[in-house]
Amino acid sequence: MESLRLAVAYRPPLPVPAPGHLRRRLLVHHLPGPLLSLPNNSLSLSSPQHPPIPRRRLLLPLLASQTPDSNPEPESSGAKLVPLVISIAVGLAVRFLAPRPAEVSLQAWQLLSIFLSTIAGLVLGPLPVGAWAFLGLTAAVATHTLPFTAAFSAFTNEVIWLIVISFFFARGFVKTGLGDRIATYFVKWLGGSTLGLSYGLTISEACIAPAMPSTTARAGGVFLPIIKSLSLSADSKPNHPSSRKLGSYLVMTQFQAAGNSSALFLTAAAQNLLCLKLAEELGVIITNPWVSWFKAASLPAIVSLLATPYLLYKIFPPETKDTPDAPALAAEKLKRMGPVTKNEWVMIGTMILAVSLWVFGDAIGVPSVVAAMLGLSILLLLGVLDWDDCLNEKSAWDTLAWFAVLVGMAAQLTNLGIVSWMSSCVAKLLQSFSLSWPAAFCVLEASYFLIHYLFASQTGHVGALYSAFLAMHVAAGVPRALSALALAFNTNLFGALTHYSSGQAAVYFGAGYLELPDVFRVGFATALVNTLIWGGVGSIWWKFLGLY
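An unreviewed UniProt entry annotates the protein as Dicarboxylate transporter 2.1, chloroplastic-like originating from Panicum miliaceum. Under the Subcellular location (unreviewed entry) heading, UniProt states for the protein: "Plastid, Chloroplast inner membrane".

What follows is the structure, encoded as structure tokens:
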């Protein structure tokens, strides 16, 4: 799955440790980006026997740059047979066995069968996501279901390119160490107790989120290394009974709070941008999107962010309640980091410029993607990033490929009338139960949320289902702007349901501090609380804002 490919935990070859030196497992966050070694990115105080490693060595060479002799690539084993057969069978069954409605053209029905086969492959994983999406696109062109130009039209979609550039911004935060510095300051200010430490990490992510539009990058590149360092300093080890001392609580809290940080700002997650683009294709236009998004999300997201650490403190409590050493460790780390570097200042200035243009771009005629391109150009001109950094960001180029396929197919399904046909069928079903639009809204939102148990990607979920569910909302009489925004907020909140539900889920679960039953249990409990907050506080707030 796409999200699981974004963050993979494994052990690269390590030198034999010196006697008495604690060997820590390295979590590699395959964005791919600079690989972070935990001891080098640690809050722990170094002993005289093991002096601090120079800051310039924080960025290790990319695995992609290793020679074949030093790290041979495993041979490809091709597609997994059972998932392949099932995925293809889904499409063939729809095409040849399911009766085609009279109001749906043969071309539309054939494209629907290819699209459903593609979605089945995203869930079952016969091939990597990008490869399987390319096969689906090939099938659409080879069967003359879509002409070549229509099949590849989404590759010029400006929102997809904005998402790609967001990966490069995230790499800049990790490469310069700016995200790490910001989070460490919050640990210094609020880290005197376990609960305060959790709030410091949660608030710091919310502050970083609008300028670092990758939840996986924030998790693996900034927060997990800090959490592991703090946990090991408190003798809380991964894959060990001591994990419940501190590490399990901090990891679980950051994992569960990340969805609200992503929902708070339009530019805090890639799927947010995709949601509004798909809504626009259905005729639902959100004016001044960055500001409109923030206004609608602000109150429920902030309430949820403040509630999550305390809630988990009660239902998933840490054994260690006080962390008096954390502020001192953070202060020592900041001292070792030294003053803010030139590249960090450039990163700060660039992101202030980009966010400002995202906020005020509509008023001055600067599209969001142009703002992102200007920001990336500044980072390249001033040497914060080089072109190799961009070329090595494999996840960005992979996202470009499979996002474009899904978005292109979804757009063509809309043009061919499949989405309107499906939405009218659902609307008639809801009307047969005499449901008012608020009741239909609740049913559709709950269905959209729970279906994510079948997905390992938030963006894949959006590409597969957002357009259809938005059309169903509109057909059921739900106000259009409310429908578009609520579904988009929902997309962020289900990212912590399971250990595979998002990129950050894979990062945090791979750290070794969480047991699988706890992930499902706490994920469901937190989802219920988020539902109450967003459904209660949110509905009152949205009424005040005039969304319905």
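(A) Layout of the overall build of the protein. Broken down by element type, the protein carries 23 helices and two strands. Across the 548 residues of the protein, 55% fall into the buried class. Counting only carbon and sulfur atoms, one obtains 67% of the accessible surface of the protein, whose full area is about 22,500 Å².

(B) Inspection of the side chain of T498 at higher detail. With respect to the element layout, T498 can be found in the loop between α21 (480–493) and α22 (503–509). Among the residues examined, T498 registers a relative accessible area of 1% and is labelled buried. A distance of 3.3 Å separates the side chain of T498 from the backbone nitrogen of Y500, its partner in a polar contact. Dropping the residues within four chain positions of it, T498 is found in contact with F255, Y453, A505, V519 and F520.

(C) Geometry of the pattern of salt bridges. Taken as a whole and assessed by the stated rule, the structure comprises 11 salt bridges. Measuring nitrogen to oxygen at the nearest pair gives 3.9 Å for the salt bridge that ties R244 to D518. Of this pair, R244 sits in the loop between α9 (215–233) and α10 (247–264) while D518 is found in helix α23 (residues 516–545), placing the two residues 274 residues apart along the sequence. Connected via shared salt-bridge partners are R171, K175, D386, D389 and E393.

(D) How the structure looks around the environment of H144. For H144, the position within the fold is in the loop between α4 (129–142) and α5 (148–151). Between the alpha carbons of H144 and Q107 there is a distance of 8.8 Å; along the sequence they are 37 residues apart.

(E) Fine view of a nonpolar patch on the surface. Among the surface-exposed residues, L81, V82, V85, I86, V90, L116 and L124 lie close enough to one another that they form a single nonpolar patch of about 580 Å² accessible area. When contributions to the nonpolar patch are tallied by element, the ones reaching two or more residues are α2 (81–97) and α3 (106–124). Ranked by residue count, the leading element in the nonpolar patch is α2, at five residues. Of note, L116 is situated in helix α3. Residue L116 is classed as partly exposed on the basis of its relative accessible area, which comes to 31%.

(F) Layout of the nonpolar core. Ranked by internal contacts, the top residues of the largest apolar core, which has 150 residues, are W358 and Y466. A per-element tally of this core places helix α6 (residues 158–176) first, with 12 residues. Excluding residues within four positions of it along the chain, Y466 makes contact with C275, L278, A279, Y448, H461, A484, L487 and A488.

(G) A look at the environment of I163. With respect to the helices, strands and loops of the structure, I163 is situated in helix α6. A relative accessible area of 0% means that I163 is categorised as buried. The residues touching I163, leaving out its near neighbours within four places in the chain, are A270, L273, L274, T399 and F403.

(H) Representation of the packing of aromatic side chains. Tallied over the entire structure, the rule returns 21 aromatic pairs. Look at Y448 and F494: their rings are 5.8 Å apart centre to centre, the planes differ by 50 degrees, and that puts the pair in the tilted class. Placement of Y448 in helix α19 (residues 437–450) and of F494 in the loop between α21 and α22 is noted, with a sequence separation of 46 residues between them. The pair Y448 / F494 is uniform in exposure class, with both members buried. Three or more aromatic residues joined by ring pairs form one cluster here, namely W293, F489, W534 and W542. Above the face of the F96 ring, R95 is positioned so that its terminal group lies 4.8 Å from the ring centre. Above the ring of Y313, the side-chain terminus of K321 is found at 4.9 Å from the ring centroid.

(I) Layout of helix α20 (residues 458–475). Counted at 1.5 Å a residue, the expected span for α20 with its 18 residues is 26 Å, and the 24 Å between its end C-alpha atoms agrees. In the structure, α20 departs most strongly from a straight axis at L465, where the bend amounts to approximately 50 degrees. Taking burial as the measure, the 18 residues of α20 include 16 buried ones, the bulk of the element. Looking one or two residues past α20, G477 carries a phi angle of roughly 95 degrees, positive in sign.

(J) Quick look at the packing of helix α11 (residues 270–281) against helix α17 (residues 394–415). Contact pair α11 / α17: the axes reach a minimum separation of 11 Å and the direction vectors enclose 25 degrees. By the angle class used here, α11 and α17 are roughly parallel. Relative to α17, the crossing made by α11 is right-handed. Contact residues: L274, L278 and E281 in α11; F403, V407 and A411 in α17. In terms of residue class, the contact of α11 with α17 is made up of five nonpolar, no polar and one charged.

(K) Layout of the side chain of H452. Considering the arrangement of structural elements, one finds H452 in the loop between α19 and α20. Within the local environment of H452, its side chain forms a polar contact with the backbone oxygen of S501, the two atoms lying 2.8 Å apart. Excluding residues within four positions of it along the chain, H452 makes contact with S457, Q458, H461, F494, L497 and S501.

(L) Examining unusual backbone geometry more closely. One non-glycine residue, D235, lies in positive phi territory at about 60 degrees. By the secondary structure assignment, D235 is in the loop between α9 and α10. Here D235 falls in the partly exposed class, since its relative accessible area comes to 38%. A positive phi angle is found at N288, which is not glycine, with a value near 45 degrees. As for its placement among the helices and strands, N288 is situated in the loop between α11 and α12 (289–315).

(M) Quick look at the packing of α17 against α20. At their nearest, the axes of α17 and α20 sit 8 Å apart, and the two run at 20 degrees to each other. Considering their axes alone, α17 and α20 lie roughly parallel with respect to each other. In this structure, the crossing between α17 and α20 has a hand that is left-handed. From α17, W402, F403, L406 and A410 reach across to α20, where they touch T459, G460 and G463. Per-class residue counts for the contact of α17 with α20 are four nonpolar, three polar and no charged.

Calculation notes
Residues numbered from 1 in each chain as written. Predicted model: local features only at pLDDT ≥ 70, side-chain atom pairs only at ≥ 80, totals over all residues. Heavy atoms only, no water. UniProt positions renumbered as here; feature names shortened; annotations may be inferred. Helix = DSSP H or I, 4+ residues; strand = E, 2+ residues; numbered from the N terminus. Buried < 20%, exposed > 50% of the residue type's maximum accessible area, 1.4 Å probe, protein only. Areas by Shrake-Rupley, 256 points an atom, 1.4 Å probe, with all protein chains shown as cover. Polar contact = N/O pair within 3.5 Å; in protein donor to acceptor, adjacent residues only side chain to side chain. Contact = heavy atoms within 4.5 Å. Salt bridge = Lys/Arg side-chain N within 4 Å of Asp/Glu carboxyl O. Patch = residues over 30% accessible without salt bridge, like charges linked within 9 Å, V, L, I, M, F, W, Y side chains within 5 Å. Core = buried A, V, L, I, M, F, W, Y, C linked by side-chain atoms within 4.5 Å. Phe/Tyr/Trp six-rings, centres within 6.5 Å; stacked < 30°, edge-to-face > 60°. Lys NZ or Arg CZ within 6 Å of the ring centre and 35° of its normal. Expected span 1.5 Å × (residues − 1). Bend = angle between axes of the 7 residues up to and from the residue. Axes fitted to C-alpha atoms, helices over the stretch in contact; angles between N-to-C directions. Parallel < 35°, antiparallel > 145°, perpendicular 65-115°, else oblique. Left-handed = near helix turned anticlockwise from the far one by under 90°. Nonpolar A, V, L, I, M, F, W, Y, C, P; charged D, E, K, R; others polar.

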